[in-house]
Amino acid sequence: MAAAPHVVILTSSGAGHVVPVSELAKRLAVHHGFAVTIVTYASLSTPGHSSPLASLPPGVSVAALPEVSLSDLPADAHLVTRILTVIDRALPQLRDLLRSLLGSSPAGITAFLTDMLCPAALAVGKEMGLPGYVFFTSSLMSLLSLLYTPELARTTTCECRDLPDPVLLPGCVPLHGADLVDPVQNRSDPVYQIMIDLGLNYLLAEGFIVNTMDALEHDTLVAFKELSDKGVYPPAYAVGPFTRRRCPDEVMVKHSCLRWLDNQPDGSVLYVSFGSGGTLSTEQTGELAAGLEASGQRFLWVVHHPNDKDSSAAYLGTAATADDDPLRHLPEGFVERTNGRGLLVPLWAPQVEILNHAAVGGFMSHCGWNSTLESVAAGVPMVAWPLYAEQRLNAVMLSSERVGMALWERPPVGKDGEVVHREEVAALARELMVGEKGDAARKNAGHLRDEAEIALAPGGPQERALTALVGVVFLHLKRRIE
Ligand code: UDP
């Protein structure tokens with residue numbers, strides 16, 4: 001019997017990357033007969049309770065690249081600088097690993113995939129003649145915005161937020177410069193150059209495997225195809241939505257928050273979470289609490305430690321010491337006053353199970369792309385509360401007329417980081433849960449849930465896109481062998 005074709009997938013850290021990478025690996029192994037090696041970085045920790053890498057099917061294995069030191073970086077180096085420096089410094093070890101997999105794996109390596117933060121590694125794969133693809137774990141619009149960064153740097157001199165005209169990416173809703181990803185918002189930060197290199201490194205890929213679907217990004221997919229047909233960009237395969245599947249009740253120990261939800265009326269609970277990494281300032285935490293209280297709505301809030309310096313502090317694990325209870329930072333008497341109507345869960349909750357619970361009627365979210373797709377797949381409308389990375393781009397798309405499943409009060413330009421006051425929080429929460437705009441967003445979310453089901457159905461767009469990709473990968477292999 002011929003050896004199974006072998007795919008290596010390199011992933012950066014964070015649930016937002018590791019979850020979709022594991023899902024893709026499972027799919028390639030179970031449905032397409034690949035052996036898959038997922039390569040991770042020991043230097044990049046992944047916050048989260050249980051790692052998706054702990055429950056992989058036969059045929060999928062994991063290898064970790066050894067620790068590299070970042071002790072020479074300034075303490076306030078941007079999160080993206082830290083992550084991409086690890087990736088850069090671990091390239092020699094990656095080269096050794098790929099060589100040893102090429103030597104030891106019966107089928108060699110059929111294709112080399114990197115997640116959206118690791119395209120620098122494609123050059124190493126190229127040295128060995130491996131076809132390389134980027135698994136882009138966010139929207140096609142974010143990919144376009146990152147491909148645009150080198151041009152942005154070349155053709156403009158001001159900060160993005162001061163750009164006089166809207167940014168018009170092909171097939172995308174118009175953006176304000178302030179909506180572009182946060183690491184390009186400050187030209188004097190070293191991360192700005194890192195983002196330019198990232199944009200250029202994407203062009204080393206044979207193709208982009210994008211965790212999106214037609215119903216969310218139809219016009220963008222059409223425009224991207226025109227560009228790739230002209231040879232401007234490698235082709236994009238829309239393989240989404242890849243989200244973690246809900247754990248069946250019988251195989252999981254039911255989290256107490258799900259038992260609490262069992263006792264709430266259908267569609268009545270607002271779920272509030274800022275992902276695995278998001279943090280609010282102390283003042284903002286207090287205003288959010290007061291706003292939820294004033295809204296009169298039921299809520300389930302995953303509470304992180306506040307951080308006054310960084311909106312992604314939980315990612316770095318710098319938000320608090322382990323014995324510090326995040327609920328301790330909430331306003332005096334808040335827990336008691338909202339008891340029964342609100343439930344607070346420290347640090348981590350089973351999000352997919354929550355979003356699919358009948359009691360949940362809305363999601364106040366940082367708009368991480370995985371949270372977004374999970375909300376889409378569950379048909380739950382959102383209040384967008386973007387914090388960092390590409391989350392503002394996601395908020396623009398979700399609140400646009402095209403998609404219309406999120407309410408978003410865009411902060412005035414240049415005033416990002418200002419506190420959202422309790423009155424605004426309460427108004428947004430009420431509007432989403434019982435207002436007219438919330439109703440419209442709910443209908444649109446329901447439509448997108450149906451589209452997601454169609455995308456995932458056997459023989460549907462996801463399967464077709466993956467089959468097309470696998471066909472191209474084998475074509476490369478055939479050419480290499482001949
Ligand atoms: N997540 C979760 N429980 C939490 C927080 C996050 O299960 O309390 C999961 C969430 O379901 C999603 C991922 O972690 O799959 C977060 O990814 P996303 O892209 O939304 O945001 P990030 O954390 O990368 O900013």
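Rules of the game
Residue numbers here run from 1 along each chain, matching the order of that chain's written sequence. Where totals are concerned, whole chains, interfaces and linings use all residues; where local detail is concerned, this predicted model gives features only for residues with pLDDT of at least 70, and gives and counts side-chain atom pairs only at 80 or more. UniProt positions are given in the numbering used here, feature names are shortened, and annotations may be inferred rather than shown by experiment. Working definition: helices are DSSP H or I runs of at least four residues, strands are E runs of at least two. Numbering for both runs from the N terminus. Radius of gyration: C-alpha atoms only; globule rule: 2.2 Å multiplied by the number of residues to the exponent 0.38. C-beta atoms are first placed from the backbone for all residues, and any pair lying within 7 Å is then listed as a contact. Any residue whose backbone-placed C-beta atom lies within 6 Å of a molecule or strand is treated as near that molecule or strand. In this count, Pro and Cys sit with the nonpolar residues alongside Ala, Val, Leu, Ile, Met, Phe, Trp and Tyr, while Asp, Glu, Lys and Arg are called charged and the others, Gly among them, polar. The source of the domain bounds is an automatic or database domain assignment. Helix span, as expected, comes to 1.5 Å for every residue beyond the first. To get the bend at a given residue, fit one axis to the seven residues ending there, fit another to the seven starting there, and take the angle between those axes. Strand pairing is defined by DSSP finding a minimum of two bridges between the two strands. As a rule, the C-alpha atoms of each element are fitted with a line to give its axis, helices using only the stretch in contact, and angles between N-to-C directions run from 0 to 180 degrees. To count as a nonpolar core, a set of buried Ala, Val, Leu, Ile, Met, Phe, Trp, Tyr and Cys residues must be joined through C-beta atoms within 7 Å. To sort residues by burial, count the other C-beta atoms lying within 10 Å of each one's C-beta; a count of 20 or more means buried, 12 or fewer means exposed, and anything in between means partly exposed. C-beta atoms are built from the backbone.

As annotated in an unreviewed UniProt entry, the chain carries the name Glycosyltransferase and comes from Hordeum vulgare subsp. vulgare. One UniProt comment on the chain, placed under Sequence similarities (unreviewed entry), says "Belongs to the UDP-glycosyltransferase family."

Asks: Quick rundown of the overall build of the chain? Include the residues and the values.
Replies: Looking only at helices and strands, the chain has 17 helices and 13 strands in total. At 22 Å, the chain has a C-alpha radius of gyration in line with the 23 Å of a compact globule built from 482 residues. Projected onto the principal axes, the alpha-carbon positions of the chain cover approximately 70 × 55 × 45 Å. For the chain, long-range pairs separated by at least 24 residues make up 75% of all intrachain contacts whose partners lie at least 6 apart in sequence.

Asks: Account for the site of the ligand, naming residues and giving values.
Replies: Residues in contact with the ligand amount to 19 residues; listed here are only the nearest, Gly16, Gly275, Gln351, Gly368 and Ser371. Of all the elements in the fold, those that place two or more residues in the shell around the ligand are α1 (15-32), α12 (351-355) and α13 (369-378). Here the shell around the ligand takes 4 residues from α13, the largest share from any one element. The residue makeup of the shell around the ligand, split by class, is 7 nonpolar, 10 polar and 2 charged. Built from parts of two domains, the shell around the ligand gets at least three residues from each of domain 1 (6-244 + 455-481) and domain 2 (256-317 + 324-454).

Asks: Account for the environment of Gly404, naming residues and giving values.
Replies: Looking at where Gly404 falls in the secondary structure, it is placed in the loop between α14 (391-399) and β13 (406-407). Distance from Gly404 to Ala440, taken between C-alpha atoms, is 7.8 Å for residues 36 residues apart in sequence. Once you skip the residues sitting within four places of it in the chain, Gly404 turns out to touch Ala440, Ala441 and Asn444.

Asks: Quick rundown of unusual backbone geometry? Include the residues and the values.
Replies: Peptide bonds are mostly trans, and most non-glycine residues show a negative phi. Along the chain, Gly240 connects to Pro241 via a cis peptide bond; the corresponding omega equals -5 degrees. With respect to the helices and strands, the residue Pro241 is situated in the loop between β7 (236-238) and α8 (256-262). Here Cys367, not a glycine, exhibits a phi torsion of approximately 65 degrees, which is positive. For Cys367, the location among the structural elements is in the loop between β11 (360-365) and α13. Positive phi, close to 50 degrees, is recorded for Ala389, a residue that is not glycine.

Asks: Tell me about the environment of Leu347, and name the residues and values.
Replies: Looking at the element boundaries, Leu347 is found in the loop between β10 (342-346) and α12. Measuring from C-alpha to C-alpha, the distance between Leu347 and Leu327 comes to 9.6 Å, with 20 residues separating the pair along the chain.

Asks: Lay out helix α5 (residues 140-155) in plain terms, naming residues and giving numbers.
Replies: When the terminal C-alpha atoms of α5 are compared, their 22 Å separation across 16 residues agrees well with the 22 Å that a helix rising 1.5 Å per residue should span. Where α5 bends most, the angle comes to about 40 degrees, and this point is Thr149, followed within four residues by the proline Pro150. Along its buried surface, α5 packs onto β5 (132-136), α6 (191-201), β6 (207-210), α7 (214-229), β7 and α14.

Asks: Give me the lowdown on the sheet that holds strand β2 (residues 35-41), citing residues and values where you can.
Replies: Taken in spatial order, the 7 strands make up an open sheet running β3-β2-β1-β4-β5-β6-β7, and their pairing is parallel. The outermost strands of the open sheet, each flanked by one partner alone, are β3 (60-65) and β7. With strand direction ignored, the average angle separating the axes of adjacent strands in the sheet is 25 degrees. The strands that helix α3 (residues 91-104) touches are β1 (6-10), β2 and β3; relative to β3, the one it contacts most, it runs at about 145 degrees.

Asks: Tell me about the sheet that holds β10, residues and numbers included.
Replies: If you walk across this open sheet you meet the 6 strands as β10-β9-β8-β11-β12-β13, and the pairing is parallel. Both edges of this open sheet fall to β10 and β13, since each of them pairs with a single strand only. Where β11 lies against strand β12 (residues 382-384), 3 bridges are found, and the strand directions are parallel. Bridging from a neighbouring strand, Ser365 pairs with Ala384 of β12.

Asks: How would you summarise the nonpolar core if you had to cite specific residues and measurements?
Replies: Judged by nonpolar contacts, the single largest core of 142 residues is most densely connected at Ile9, Val36, Leu113, Ile209, Val210, Leu300 and Val383. With 8 residues, α1 is the single largest residue contributor to this core. Once residues within four sequence positions are removed from consideration, Val36 is found in contact with Val7, Ile9, Ala25, Leu28, Ala29, Gly59 and Val60.

Asks: For the domain arrangement of the chain, give the residues involved together with the corresponding values.
Replies: Partitioning the chain into structural domains gives domain 1 (6-244 + 455-481) and domain 2 (256-317 + 324-454). Here the C-alpha centroids of domain 1 and domain 2 sit 27 Å apart. The partner domain 2 presents 36 residues to the 36 residues of domain 1 that form the contact. Among the elements of the structure, α1, α5, α7 and α16 (436-456) are those that each provide at least two residues to the side of domain 1 that touches domain 2. Considering every element that reaches the side of domain 1 that touches domain 2, the biggest residue donor is α1, with 4 residues. Among the residues making up the side of domain 1 that touches domain 2, the classes are represented as 17 nonpolar, 15 polar and 4 charged.

Asks: So, the pairing of β10: which residues are in play, and what are the values?
Replies: For β10, the buried fraction is high: 4 of the 5 residues fall into the buried class. Here strand β9 (residues 298-303) pairs with β10 via 5 bridges, running parallel. Bridging from a neighbouring strand, Leu300 pairs with Leu343 of β10.

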